[in-house]
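# Observations on the model geometry
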Amino acid sequence: GETEDSFIADLVVGLRTGQIKTGAPCRSERLAKYNQLIRIEEELAAEGRCSFAGEGFRTMGMSATALSGSLEVKTLETQPIPGQAPGTSGLRKKTKVFMEKNYLQNFVQSTFDAQADGIGLEGGTLVVSGDGRYWNDKAIQIIIKMAVGNGVKNVWVGNDGLLSTPAASAVIRNREGGFVPFGGFILSASHNPGGLDEDFGIKFNCENGGPAPEKVTEAIFANTKSISEYKICTGFPDIDIKKNGCYMVDDKIRVDVFDCTDDHVALLSKVFDFKAIKKLIARADFSLVYDSMNGVQGPYAKRVLVDELGADPKCLMNAIPLEDFGGHSSPSHGHADPNLTHAVELTAAMGINKLGERVGPPDNLPDFGAAADGDADRNMILGKQWFVSPSDSLAIIAANAKSIPFFADGLKGCARSMPTSGALDLVAKKKKIPCFVTPTGWKFFGNLMDSGDEKYFPGKESYVPFLCGEESFGTGSNHVREKDGMWAVLAWLQILASKNKDAKKPLVTVEEITKAHWKEYGRNYYCRYDYEGVEKGTDEMMAGLVEKCKDLPGKEMKGMTVKSAESFEYTDPVDESVSANQGINIIFTDGSRIVFRLSGTGSSGATVRLYLEKYEGPKGELESSQFDVVKDLAALALEISDLPNLTGRTTPTVIT
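Note that the coordinates shown come from a computational prediction; the quantities given were computed from them, not determined experimentally. Each residue is numbered by its place in its chain's sequence as written, counting from 1. Thresholds applied to this predicted model are a pLDDT of at least 70 for local features of residues and 80 or more for the giving and counting of side-chain atom pairs; totals over whole chains, interfaces and linings are not thresholded and use all residues. As a convention, hydrogens and water are excluded, and side-chain values are obtained from all of the structure's heavy atoms.

## Structural notes on the overall build of the protein
Helix and strand assignments follow DSSP, with helices taken as H or I runs no shorter than four residues and strands as E runs no shorter than two, numbered in order from the N terminus. Of the regular secondary structure elements, the protein holds 20 helices and 28 strands. In terms of overall dimensions, the protein is globule-like: its C-alpha atoms have a radius of gyration of 26 Å, near the 26 Å expected for 656 residues. Considering only C-alpha atoms, the protein reaches an extent of 90 × 65 × 55 Å along its principal axes. Relative accessibility thresholds used throughout: buried, under 20% of the residue-type maximum; exposed, over 50%; partly exposed, between the two (1.4 Å probe, protein chains only). Within the protein, the fraction of its 656 residues that count as buried is 56%. Contacts: residue pairs with any heavy atoms within 4.5 Å of one another. Nonlocal contacts in the protein, meaning residues at least 24 apart in sequence, comprise 73% of its contacts between residues at least 6 apart. When the accessible area of the protein is evaluated, it comes to approximately 26600 Å², of which 50% is carbon and sulfur surface. The convention is simple: Lys and Arg are positive, Asp and Glu are negative, and His and the chain ends are not counted. Charge coordinates come from a single atom per side chain, which is NZ of Lys, CZ of Arg, CG of Asp or CD of Glu. Taken as two groups, the 73 positive and 88 negative side-chain charges of the protein have centres that lie 4 Å from each other. As a reference, a globule follows 2.2 Å times the number of residues to the power 0.38, and the radius of gyration itself is taken over C-alpha atoms. Computed with a 1.4 Å probe, the accessible areas rest on the Shrake-Rupley method; for each residue, only the protein chains presented here act as cover.

## Some remarks on unusual backbone geometry
Backbone phi values are negative for most residues with the exception of glycine, while trans is the configuration of most peptide bonds. Note the cis peptide between Val-464 and Pro-465, where omega equals 5 degrees. Relative to the assigned elements, Pro-465 resides in the loop between helix 14 (443-450) and strand 18 (466-470). Its identity is not glycine, yet Trp-135 carries a phi of approximately 80 degrees, on the positive side. Counting through the fold element by element, Trp-135 comes out in the loop between strand 4 (125-130) and helix 5 (136-149). On the basis of relative accessibility, which here comes to 12%, the residue Trp-135 falls in the buried class. For Asn-294, which is not glycine, the phi torsion reads 60 degrees and is therefore positive. As for its placement among the helices and strands, Asn-294 is situated in the loop between strand 11 (288-291) and helix 10 (297-308).

## Re the nonpolar core
Nine residue types can take part in a nonpolar core, namely buried Ala, Val, Leu, Ile, Met, Phe, Trp, Tyr and Cys, and a core is a set of them joined through side-chain atoms within 4.5 Å. Grouped together as the largest cluster of nonpolar side chains are 58 residues, with contacts concentrated most on Phe-272, Phe-368, Trp-487, Leu-490 and Leu-493. Of all the elements, helix 15 (residues 485-499) adds the most residues to this core, at 11 residues. Other than its neighbours up to four places away in sequence, Phe-368 contacts Phe-286, Ser-287, Leu-288, Val-289, Met-350, Ile-381, Leu-382, Val-489, Trp-492, Leu-493, Leu-496 and Val-510. One finds Phe-200, Cys-206, Val-216 and Val-249 within the second-largest nonpolar core, a separate group that totals 44 residues.

## Let's talk about the sheet that holds strand 11
Pairing is mixed across the open sheet formed by 5 strands, whose spatial order is 12-11-13-14-15. Both edges of this open sheet fall to strand 12 (316-317) and strand 15 (386-388), since each of them pairs with a single strand only. To define axes, lines are fitted to C-alpha atoms, for helices over the stretch in contact only, and angles between the resulting N-to-C directions are given on a 0 to 180 degree scale. Helix-sheet contacts for helix 16 (residues 510-521) involve strand 13 (368-372), strand 14 (379-383) and strand 15, and the interaxial angle to strand 15 is about 55 degrees. Two strands qualify as a pair provided DSSP detects at least 2 bridges between them.

## Observations regarding the pairing of strand 18
Remark: a regular strand shows side chains that alternate across the two faces of the sheet. Along strand 18, 5 of the 5 residues are buried, which leaves the element largely enclosed by surrounding structure. A two-sided burial pattern is seen for strand 18, the buried positions comprising Phe-466, Cys-468 and Glu-470 on one face and Leu-467 and Gly-469 on the other. Bridge analysis of strand 16 (residues 413-417) against strand 18 gives 4 bridges, and the strand direction is parallel. Residue pairing for strand 18: Gly-413 is matched across the bridge by Phe-466. Two strands pair when backbone bridges link them, and strand 18 and strand 19 (residues 474-477) are joined in this way by 4 bridges, in the antiparallel orientation. The residue bridging Leu-467 from the neighbouring strand is Ser-477, located in strand 19. The hairpin turn running from strand 18 into strand 19, its antiparallel successor, is 3 residues long, and Phe-473 in that turn takes a positive phi close to 65 degrees.

## Some points on helix 6 (residues 165-174)
Where burial is concerned, most of helix 6 is hidden: 9 out of the 10 residues are buried. Regarding helix 6, its N-cap is Ser-164, as a side-chain oxygen of that residue lies 3.1 Å from the backbone nitrogen of Ala-167 further along. Phi for Glu-176, located one or two positions after helix 6, is positive at around 50 degrees. What qualifies as a polar contact is a pair of N or O atoms within 3.5 Å, subject to a donor-acceptor requirement within protein and to the restriction that residues adjacent in sequence count only when both atoms come from side chains.

## Describing empty space enclosed by the protein
Taking a probe equal in size to a water molecule and rolling it over the atoms shows the remaining empty space. Every definition here rests on a 1 Å grid over the protein atoms only: cavities are sets of points where a 1.4 Å probe fits but cannot get out, pockets are open sets enclosed by protein on both sides within 12 Å along at least five of seven lines, and lining residues have some atom within 4 Å of a point. Grid points are joined across faces, edges and corners, and a volume is the space filled by probe spheres set on the points. Per the stated rule, a full pass over the model turns up 4 cavities of 30 Å³ or more. The calculated volume of the largest cavity comes to roughly 230 Å³. Along the walls of the largest cavity sit 26 residues, with Ser-89, Arg-92, Asp-377, Arg-378 and Lys-483 positioned nearest its centre. Listed by contribution, the elements that provide at least two residues to the lining of the largest cavity are strand 26 (593-599) and strand 27 (606-616). Its residues assigned to classes, the lining of the largest cavity comprises 4 nonpolar, 10 polar and 12 charged. Roughly 100 Å³ of internal volume is contained in the second largest cavity. For the second largest cavity, the lining is made up of 14 residues, of which Gly-90, Lys-203, Phe-204, Ala-212 and Thr-217 are closest to its centre. Contributions of two or more residues to the lining of the second largest cavity are made by strand 7 (199-206) and helix 7 (214-224). Note on residue classes: Ala, Val, Leu, Ile, Met, Phe, Trp, Tyr, Cys and Pro are nonpolar, Asp, Glu, Lys and Arg are charged, and everything else, Gly too, is polar. Looking at the lining of the second largest cavity, its residues break down into 7 nonpolar, 5 polar and 2 charged.

## Here's the deal with the environment of Gly-422
Mapped onto the elements of the fold, Gly-422 is located in the loop between strand 16 and helix 13 (423-431). Given a relative accessible area of 13%, Gly-422 falls into the buried group. For the pair Gly-422 and Arg-593, spaced 171 residues apart in the sequence, the C-alpha separation amounts to 9.7 Å.

## Some details on the sheet that holds strand 22 (residues 560-567)
Spatially, the 7 strands line up as an open sheet ordered 21-22-25-26-27-20-28, and their pairing is antiparallel. This sheet does not close on itself; its edge strands, each paired only once, are strand 21 (556-557) and strand 28 (654-655).

## Description of the packing of aromatic side chains
In summary, the pairing rule links any two rings of Phe, Tyr or Trp, Trp by its six-membered ring, whose centres are within 6.5 Å, and it sorts them by plane angle into stacked for under 30 degrees, edge-to-face for over 60 and tilted for everything else. Scanning the model with the defined rule gives 12 aromatic pairs in all. Between Phe-272 and Trp-487, the ring centres sit 6.1 Å apart and the planes meet at 55 degrees, which makes this aromatic pair tilted. Of this pair, Phe-272 sits in the loop between helix 8 (262-271) and helix 9 (274-282) while Trp-487 sits in helix 15, and the two are 215 residues apart along the sequence. Classification of Phe-272 by relative accessible area gives buried; the value is 3%. Since its relative accessible area comes to 0%, Trp-487 is described here as buried. Where Trp-442 meets Phe-445, the ring centres are 4.8 Å apart and the plane angle is 85 degrees; that geometry is what we call edge-to-face. Neither residue differs from the other here; Trp-442 and Phe-445 are each classed as buried.

Distances and angles like these do not, on their own, reveal function.
Below, the structure is given as structure tokens:
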């Protein structure tokens, strides 16, 4: 019979099998084996030589690849490098700047040092991956070596170093039971071009999967201005990030390379009804096309649309991630930005031009089209010869939220960035749910999603299920803590599926859904002018606008009366932090708006963004061109700001 001899526990640890079978722990002879495992872990864990494998047991143990290397921590001298202040989406500069001596190292060490009292760092788990742009592979190896030098014991990397930004959030929040890592580095400059002569970026997401809040980014920036040394294990071996598996270095440090799509797709399958969407895609009168713009979304698009939902692989455009997103010779010129200007292959396939106008006959065109940016957090939604503005897309999803299983019981809250049109507000008012207006930057939505969570903001009101978005082609919900391009596409497909349950009836189209929404809520005509890479006059222009705001209220200009004018300031309703100088917001009595903001997403120069909005009620003219409707507002905005004279720019770089 079985005895209390516990040798088998020593054997499985010594052989690194990863598994043991001793029966249910309900008898003393079985408990003896489990108790011995606990004693072994207590003895070896102090030396960093043993840890419980958890859900990863199949890829560890005898299946792990043992690597040798030095774990000696070296402390190397450095000095502050100016200009390392993280923007709304992390730190972005030219690739060659990041490749300069200690530039990346300074920022990474400053981020590690900003972790409060080292919480989570020593013995912790870190996620490191990116959008696959040029130099990502080299940067990942540097960060892994620095992470080990700073006490990290486990590093998670998506295969080929790939993780979309929303997938990185999903990994932090869900992998191995959820909330295991203390955070993650996402190597991306989003929609900016990639390549040796183009852009690179890095940002840190915290343990909730969301972008670091301002108190953390401010601490990081402060550290970059005083840094004198960084820690690194130069003898730590390079990891083969092209091969999935578990790598154990000196039996102490574990690096997991895993399928970059697994965690995100598993989560999305719980948010949406894949069976219903699959039925829609199977309809003979429905077709779609998806443009990944040679960014990180390619593997996710194939996994979701083709493998899970049964779409024809031919629906995928530019689905192979490239380090330069196709480069200057590609139709998008390597600018993986899902808008009417840059996603030219998609717009041509859908029968519209860069102004969203119909081009050619509608015959044989897809019924649904979408695109993603470089790191796959943005989206553009198109119907057959039809463009859905991001602001309208957000409002339409909110209005039809109950068709999505995740929102089956209704929304409890929603939010938009200040420059985004007020279309969402109208839906929220009708549904009697709170609608928050925040500064631009997804991190401002994070507190609203975590409000009421016992871990973060106990005692506060909960607003989940929660929907939020920005006019810059970003939409998402509280399933992760990032905007999510694939989520937005599936949200639209779910809405289309709910409107087209009877395959015998004619297809209800994207255009029809949009027009029905306008007839119920009215239309917020909306347009954005981007002036990119501006080298002069921006600070003077914004300062001048702040002064002019004092005298604008009550003035009549081009037949419109100014209701209010201010430099937007946001007081977070959850943690009561204050964010000032978040853009100039000029509102007229008829609901029209002019907004000016300096964007922090570029790598050089400044980007001036001018937002124009004019509201038309449900019984008004709803089918005019948004670009024509806001022309007078644009002329007035340029007059008020004196932008052409101060910046030297007479025309915008991009109009969306």
